[in-house]
Amino acid sequence: MERSDQMSSVGGLVLSGLSILLGLRPVRTSQGDGLDTSIHADRLAEVVQDQWRRELSNQDLHRFGSLAVRWAVSNRDGLRDHPENVFGPTATAHDEADFNGTVADVARRFLTLPRQRLVVLGEPGSGKSVLAGRLLLDLLDERHSAQPVPVLLPVRTWDPNGEHLDDWIVRELATLYYGRDEQVPRQLLLAGALLPILDGLDEISDANQRQALGAIDRATGGRRPVVVTSRIEPYQRMADESGVLVAAAVIELAPLSIDDIVSCLVRSAPVGDTSWDPVAHDLRAHPTSPLASALSTPFMVYLCQTAYGSRGAPAALIDRVQHMNSRQDVERHLVKALVPARYTNHPDPAHAQPRHAYSTEQAERWLGYLAQNLQRSGTRDLAWWKLAQAVPRAVLGTFFLVGGGSLLGFAAAALFGTGIGVAIGILGGAFFGFGGEVVEAACRLFGQHVDRSHPAPVHAVLHRGGRTRLFAGTFVAGGVGGSGFAFALLTWDQLGPMWGALLILLALLACLVMVTGLSDVLRGPVHLTDLTPRSILSSDRTTATLRAVGMSTGVALGILSLTRSDAGIASAIGFGLVAALSGYGDSAWGFFLLSRSWLALTGRLPFRLMAFLEDAYQRGVLRQYGPVYQFRHQHLQESLAGP
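The structure presented is a predicted model; accordingly, all values stated were derived computationally and were not measured. (Residues numbered from 1 in each chain as written. Predicted model: local features only at pLDDT ≥ 70, side-chain atom pairs only at ≥ 80, totals over all residues. Heavy atoms only, no water.)

## Things to note about the overall build of the chain
Next up, step 1: Check the secondary structure of the chain and you find 28 helices and 9 strands.
Next up, step 2: Sequence-distant contacts, at least 24 apart, represent 79% of the contacts inside the chain between residues at least 6 apart.
Next up, step 3: As displayed, the chain offers around 29,100 Å² of accessible surface, 58% of which is attributable to carbon and sulfur atoms. (Helix = DSSP H or I, 4+ residues; strand = E, 2+ residues; numbered from the N terminus. Contact = heavy atoms within 4.5 Å. Areas by Shrake-Rupley, 256 points an atom, 1.4 Å probe, with all protein chains shown as cover.)

What follows is the structure, given as C-alpha cells:
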C-alpha cells in the first residue's frame, strides 16, 4: 500500500503538470497573421524614429545646426557609375556636378535619384554617420505609408563571402527589434518596404572587402534602394577589386573651411562672449597649422567645443597645441580631453534624476579597461554578456565547483550517508564547475561553437502570459526530474545500484530536454520593441529567475512525492537549491553577475557596471546600437585603450 501510494503521488504530479502545460499552451499565431506589410512597416518606422531621435540628441548633434558640412559628387576616378545610369537616361556631366549640398538637404536630394542608391565617402570624423542619421530621420519625417522604412545598420559584422546581404539584414533587424524572430523583417524585405543604410563598409575585415560591392549589387539587383558609407581609401580599393556600385551616386564630404570652423566655435558661445577670439585669430593667421588641419572635421570641432567650451578655456587651447608638430598630435590631445570634460559634474535640474558621481580618474581607468578588451577582441560592440570572456574560466568554474559541490554533497549525504555524500559532492562539483568547458571542447571538435554566456534575445519580450508559461514549463520539467530521481532511489533499494544509477541519469536527461524544449514551445510570440542593453539584461535576469524558481520548486516537490522522511525533505531542499543554481548558472545574467563581481573586487570595473555604462552613455562618451554600447568614435576607443 505504501508503494502504491508513492506511485500514485508520482502519477498525480506528472499528470497535473501536463494539464498545466496543455492549459497554458498559447495558440501559436505568427506575427504576420492578420496584419499586412504596411502596418508592420509603420510600426517599425515609429520605433526606428524614436530610437535615432534619442541617439542623435544624446550625442549633442543638435549643436551642429550651424555647421554647414558640404558634400558633392566625388571627382575621383574609378569610384562611380556613368551619369545616365545614376541620374536618368538624359543626364549629363552637368547634372552630376549639380548634385551637391549640405547635410541639411541630403534627404531632399536623395529622393530625386531615380533609383535612390547612394554612397557617402569621407575621412574619419568627417560626419558620415551623422549624415546617415540625418538622412534617416529626415526620410522618416517625410515618409508616407507606401514608402520604405530606412534602417541604419553598421555593416562591420557582415561576411559577404559567407552570407547573403538579405539574410544578414533580416538577422540584424530580428536581433535589434524582434527578439531574433526573422519572419516580419523578411516579410518587409521581400515586399520592398526597407531602405537599408549600410554604415561603415570599410570596417568589415580586409579579406571580405574585396567582395563587398559585388555582393551588394547582386543582392539589390542594381535597382533596389540602398545607402552605403565608407572611408575613401578602403572604398577605392573595393571599387578597384570588384567595380563600382551600379546606378549609385557617390558623394564625398568636404573638409570644413576656416570660416566654417570659426563660425561654429563663435556661435557655440553666448552673444557678446569673445572667448573664442584667440582661437579664431590663430586659425585665420595660420590656416595650414596642425590645429587648423585637425579642426577640419566636425568630430574634432565637437571635441574642441566640449573640452574648451567653458569661459576663458579657449585661450588655453592655443597654449596647449602651439608646440605640437602634426595634425595627429592635436587630434590625440582633443580625444584625450573628452573624458575629463564630460566627467566634470554640474548641478542637475530639480526634476532630473541625480547623476552618479564618478571621478575623472575612475572613469578613465574603467573605460580604459573596457576599451582594451574591445581592442583585443577586434570589435566595437561593448556587450555586457561578453564580459565573462574577460574573466578566467578557472574563477567562474571554481565558484560553481564549490557552490554546486556543497549543495550536491549535502543532498546526497542526507540519503546515502556522509561518505557517499562527499564523493558525490566532489564529482558533481567538478561537473558543475568545468563540465561546460568539456562540452564546449567536444563541440569544437565537430566544428560547433557554444557560448553559454550569450543571452537569448527571444527571452527578452515575455508578453501575454509568457512569464507564467515559462515558469510552468520549468516547473513541470523539474517535477519530472525530481520524481524520476525519487523513483530511481526506490529502484536503487529494490533492484540495486546499477538500475538506480541508470534511472537517475535518465531523470536528469529528461529534465534537461524539457527545460531546453518546453520553455521555448510554451513561450508566446515576440513583439516589436526597441531592445536596449538594460532591457536585454532585465529580461535575461527575469528568465533566469523564472527558470530557477520553477525548476527548483518542481524538483523539490517531485522528490517529496516519493520520499517523505526527514532525509527526503533534506535532499529535496538540497537538490532544489542545486536546480536553482543551475537555472542561474546557465544564463547570461548569471555569468555577468559573477564576472562583474570578480572584476569589481579586483578593481578593474565598478560593481554597478550597468549604471556606470548608462551614465557614460548619457554623458555622450558612449553611444548605443540596439542591445550593445559602443564608444563614441573609434578614435576614442583607441585613445582610451592606450598604446
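## What to know about the packing of aromatic side chains
Next up, step 1: Applying the stated criterion to the full structure yields 9 aromatic pairs.
Next up, step 2: Taking 6.5 Å as the distance between ring centres and 25 degrees as the angle between the ring planes, the aromatic pair formed by Phe299 and Tyr302 counts as stacked. With Phe299 and Tyr302 both in helix H15 (residues 298–308), this residue pair falls 3 residues apart, about one helical turn. By the burial criterion, Phe299 is buried, and Tyr302 matches it.
Next up, step 3: Ring-pair connections join several aromatic residues into one group, and the members of that group are Trp71, Phe87 and Phe99. (Phe/Tyr/Trp six-rings, centres within 6.5 Å; stacked < 30°, edge-to-face > 60°. Buried < 20%, exposed > 50% of the residue type's maximum accessible area, 1.4 Å probe, protein only.)

## Quick notes on the packing of helix H12 (residues 258–267) against helix H13 (residues 277–285)
Next up, step 1: One way to put it is that H12 packs onto H13 with a least axis distance of 10 Å and a crossing angle of 180 degrees. The angle between the axes of H12 and H13 places the two elements in the roughly antiparallel class. Judged by residue contacts, Ile258, Asp259, Ile261, Val262 and Leu265 of H12 engage Val279, Ala280, Leu283 and Arg284 from H13.
Next up, step 2: Here the contact of H12 with H13 is composed, by residue class, of 7 nonpolar, no polar and 2 charged. (Axes fitted to C-alpha atoms, helices over the stretch in contact; angles between N-to-C directions. Parallel < 35°, antiparallel > 145°, perpendicular 65-115°, else oblique. Nonpolar A, V, L, I, M, F, W, Y, C, P; charged D, E, K, R; others polar.)

## Side note on the confidence of the model for the chain
Low-pLDDT stretches of the model should not have their predicted coordinates read in fine detail.
Next up, step 1: When pLDDT is averaged along the chain, the result is 80, and 76% of the positions lie at 70 or above.
Next up, step 2: Ranking the elements of the chain by mean pLDDT puts helix H1 (residues 2–24) last, at 51, and strand S3 (residues 117–121) first, at 97.
Next up, step 3: Contacts of residues 26–34 to residues separated by more than four positions or lying in other chains number 22 contacts, the stretch itself having pLDDT below 50.
Next up, step 4: Across residues 456–461 the pLDDT falls below 50, and counting only partners more than four positions away or on other chains, this stretch makes 19 contacts in the model. (pLDDT = per-residue confidence, 0-100.)

## Some thoughts on unusual backbone geometry
Peptide bonds are mostly trans, and most non-glycine residues show a negative phi.
Next up, step 1: Within the chain, Gln116 stands out as a residue other than glycine whose phi angle is a positive 50 degrees.
Next up, step 2: Its place among the elements puts Gln116 in the loop between helix H5 (106–110) and S3.
Next up, step 3: Even without a glycine there, the phi angle at Ala247 is positive, about 60 degrees.
Next up, step 4: Exposure remark for Ala247: the relative accessible area of 2% places this residue in the buried category.

## Section: helix H10 (residues 212–220)
Next up, step 1: Of all the 9 residues making up H10, 8 are buried; the element is thus mostly covered by neighbouring parts of the structure.
Next up, step 2: Structurally, H10 contributes buried residues whose contacts are with S3, helix H7 (165–177), strand S5 (194–199), helix H9 (206–209), strand S6 (226–230) and helix H11 (232–242).
Next up, step 3: One or two residues past the end of H10 sits Gly221, with phi positive at roughly 65 degrees.

## Comments concerning the sheet that holds S5
Next up, step 1: The mixed open sheet is built from 7 strands, whose spatial order is S2-S1-S7-S3-S6-S5-S4. With one partner strand each, in any of the chains shown, strand S2 (100–102) and strand S4 (149–154) form the two edges of the open sheet. Put simply, the sheet's adjacent strands are angled 20 degrees from each other on average, direction ignored.
Next up, step 2: Contacting S4 and S5, H7 crosses the sheet at an angle of about 95 degrees to S4. (Pairing = 2+ DSSP bridges.)

## Details of the pattern of salt bridges
Next up, step 1: Enumeration according to the criterion identifies 19 salt bridges in this entry.
Next up, step 2: Between Glu252 and Arg76 there is a salt bridge, with the nearest N and O atoms lying 3.0 Å from each other. Taken together, the residues span a long stretch of sequence, with Glu252 in strand S7 (residues 249–253) and Arg76 in the loop between strand S1 (70–73) and helix H3 (83–87) at a distance of 176 residues.
Next up, step 3: For Glu252, a relative accessible area of 17% corresponds to the buried category.
Next up, step 4: The partly exposed category is assigned to Arg76, whose relative accessible area is 33%.
Next up, step 5: Here Arg134 and Asp138 are joined by a salt bridge, their closest N and O atoms 3.0 Å apart. You can see Arg134 and its partner Asp138 sitting in helix H6 (residues 128–141), 4 residues apart, about one turn around the helix.
Next up, step 6: Look at Arg134 and you get partly exposed, because its relative accessible area is 34%.
Next up, step 7: A network of salt bridges, in which partner residues are shared, links Asp167, Glu182 and Arg186. (Salt bridge = Lys/Arg side-chain N within 4 Å of Asp/Glu carboxyl O.)

## Description of a nonpolar patch on the surface
Next up, step 1: Taken together, the side chains of Phe410, Ile569, Ile573 and Leu577 make up a nonpolar region of the molecular surface, amounting to roughly 370 Å² of accessible area.
Next up, step 2: Among the elements that line the nonpolar patch, the one with the most residues is helix H25 (residues 566–585), at 3 residues.
Next up, step 3: Looking at Ile569, the relative accessible area reads 40%, which means it is partly exposed. (Patch = residues over 30% accessible without salt bridge, like charges linked within 9 Å, V, L, I, M, F, W, Y side chains within 5 Å.)

## Some thoughts on helix H8 (residues 183–190)
Next up, step 1: Those residues of H8 not exposed but buried are Val184, Pro185, Leu188 and Leu189. Looking straight down H8, one finds that the buried residues subtend no more than 135 degrees of arc, so they occupy a single side.
Next up, step 2: Looking at the buried residues of H8, the elements they touch are helix H2 (37–58), H7 and S5.
Next up, step 3: At the C-terminal side of H8, Gly192 shows a positive phi close to 70 degrees. (Arc of directions from axis to C-beta.)

## Considerations on the packing of helix H19 (residues 360–377) against helix H28 (residues 634–641)
Next up, step 1: As a packed pair, H19 and H28 sit with axes 7 Å apart at the nearest point and diverge in direction by 105 degrees. As the angle between them shows, H19 and H28 are arranged roughly perpendicular. The segment H19 lies against H28, with Leu367, Gly368, Ala371, Gln372, Leu374 and Gln375 engaging Gln634, Gln637, Glu638, Leu640 and Ala641.
Next up, step 2: For the contact of H19 with H28, a count of residues per class yields 5 nonpolar, 5 polar and 1 charged.

## Some remarks on the pairing of strand S8 (residues 622–625)
Next up, step 1: Alternating residues of S8 divide into Leu622 and Gln624 and Arg623 and Tyr625, and every residue in both groups is buried.
Next up, step 2: Pairing of S8 with strand S9 (residues 628–631) involves 4 bridges; the strand directions are antiparallel. Bridge pairing links Leu622 to Phe631 in S9.
Next up, step 3: Two successive antiparallel strands, S8 and S9, enclose a turn made up of 2 residues, where Gly626 displays a positive phi of approximately 60 degrees.

## Focus on the pairing of S7
Next up, step 1: Of all 5 residues that make up S7, 5 are buried, and the element is covered over most of its length.
Next up, step 2: Of the two faces of S7, both are covered, the one formed by Ala249, Ile251 and Leu253 as well as the one formed by Val250 and Glu252.
Next up, step 3: In this structure, S1 lies alongside S7, joined through 3 bridges in antiparallel fashion. Looking at the pairing, Ala72 lines up with Glu252 of S7.
Next up, step 4: Across 4 bridges, S3 lies against S7 in parallel orientation. Within S7, the position partnered with Val119 by the bridge is Val250.

## Some remarks on the side chain of Ser552
Next up, step 1: Mapped onto the secondary structure, Ser552 falls in helix H24 (residues 533–560).
Next up, step 2: Reaching out from Ser552, the side chain makes a polar contact with the backbone oxygen of Ala548 at a distance of 2.8 Å.
Next up, step 3: Among the polar contacts made by the side chain of Ser552, one reaches the main-chain carbonyl oxygen of Val549 at a distance of 3.1 Å.
Next up, step 4: Other than its neighbours up to four places away in sequence, Ser552 contacts Gly576, Ala579 and Ala580. (Polar contact = N/O pair within 3.5 Å; in protein donor to acceptor, adjacent residues only side chain to side chain.)

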